[in-house]
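In case you want the letters, here they are:
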Amino acid sequence: MARKRIVAGNWKMNMTPSEAIKLVEELKPLVQSDSVEVVYCVPAIDIVPVVEAVKGTNVVVGAENMYFEDKGAFTGEISAPMLVDAGVKYVILGHSERRQYFGEDNALLNKKVKKAFEAGLTPILCCGETLEQREMGVTIDFISTQIKEGLYEVSAENVAKMVIAYEPIWAIGTGKTATSDQAEEVCKAIRDVIRVMYNDATAESVRIQYGGSVKGENAAEIFGKPDIDGGLVGGAALKADFGKIVNC
Ligand code: PEP
């Protein structure tokens, strides 16, 4: 079965609730598509108003992070059941900014991935190498470890439903995009890791996105590659350009 393309915007720490509603309204006519799943991954405080604002459209809402416990004394955290109750469908886990600034490692992310599935959320698990790792020639090894440890003891059935985002750190927010061949090489390698860990059916079902300075002008070439099923978009998700990316 063909994989449905998925384009997700990662709003990061941008947009107050009132700005968020304005942006949703501006993007509404631009992101309509039957063939692409469109997700807005928004700051926690924007979730409730954005879920309301996208009602009746093809857009669904994602979170940018969550904690792995259901509830309790974890000041400042948000749980998977809270997200589900608010109408969230997806959750970004392991974005390189969370790994870099908040010390999130593969073992922690594995707990979050399992909790997301348990609660009924679809994780978008991010992976990606630094420029130094690319230059040292260890990109595929490094990313394989991120995938194997992040998905430790996660069932094939769940992996088949999830999304993996390949985001080379050197391309995030820098204006430097991986070439479509570089992106395809790694996305194919990720699919092959899933094939070895699980089976062909799971590898052919999991959706793999590319992220890193995706724009209206480069999206079609990148998304045209056989192992790339869409994109995770940062900066361009906050502008009308996002509509071009969805419809490229
Ligand atoms: C991101 O942060 O997930 C991202 C891909 O950012 P940008 O598109 O701005 O490079």
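Residues numbered from 1 in each chain as written. Predicted model: local features only at pLDDT ≥ 70, side-chain atom pairs only at ≥ 80, totals over all residues. Heavy atoms only, no water.

Participant: What is the right way to look at the site of the ligand in this model?
Facilitator: Around the ligand, the surrounding shell holds 14 residues, and the nearest of these are K12, H95, E167, G173 and S213. Residue G173 places a main-chain N or O atom 2.6 Å away from an oxygen atom belonging to the ligand. Between the ligand and G234 there is a distance of 2.8 Å, counted from an oxygen atom to a backbone nitrogen or oxygen. Contact with the protein chains hides 95% of the accessible area of the ligand, taken as 290 Å² for the molecule alone. (Near = heavy atom within 4 Å. Polar contact = N/O pair within 3.5 Å; in protein donor to acceptor, adjacent residues only side chain to side chain. Areas by Shrake-Rupley, 256 points an atom, 1.4 Å probe, with all protein chains shown as cover.)

Participant: Explain the pattern of salt bridges to me, please; I cannot follow it from the model alone.
Facilitator: Oppositely charged side chains are able to pair whenever their charged atoms sit close together. A full pass over the atoms with the stated rule returns 20 salt bridges. Residues K12 and E97 are paired through a salt bridge, measuring 2.8 Å at the closest nitrogen-oxygen approach. Separated by 85 residues along the polypeptide, K12 in the loop between β1 (5–10) and α1 (17–27) and E97 in helix α4 (residues 96–102) bring together distant segments of the chain. Relative accessible area serves as the criterion here: at 24%, E97 is assigned to the partly exposed category. Note that K244 is salt-bridged to D241, the shortest N-O span being 3.9 Å. Here K244 pairs with D241, and both are found in helix α12 (residues 241–246), just three residues apart, close to one helical turn. The exposure class assigned to K244 is exposed, which follows from its relative accessible area of 55%. One continuous salt-bridge network, built from bridges that share partners, spans R3, K188, R191, D192, R195, D200, E204, D227 and D229. (Salt bridge = Lys/Arg side-chain N within 4 Å of Asp/Glu carboxyl O. Helix = DSSP H or I, 4+ residues; strand = E, 2+ residues; numbered from the N terminus. Buried < 20%, exposed > 50% of the residue type's maximum accessible area, 1.4 Å probe, protein only.)

Participant: Any chance you could explain the pairing of strand β5 (residues 122–127) here in plain terms?
Facilitator: Within β5, six of the six residues are buried, leaving the element largely enclosed by the surrounding structure. Of the two faces of β5, the one carrying T122, I124 and C126 and the one carrying P123, L125 and C127 are both buried. Note that strand β4 (residues 90–93) and β5 share four bridges and pair parallel. Bridge pairing in β5 links Y90 to T122. Pairing of β5 with strand β6 (residues 163–166) involves four bridges; the strand directions are parallel. Within the sheet, the bridge partner assigned to C126 lies in β6 and is A165. (Pairing = 2+ DSSP bridges.)

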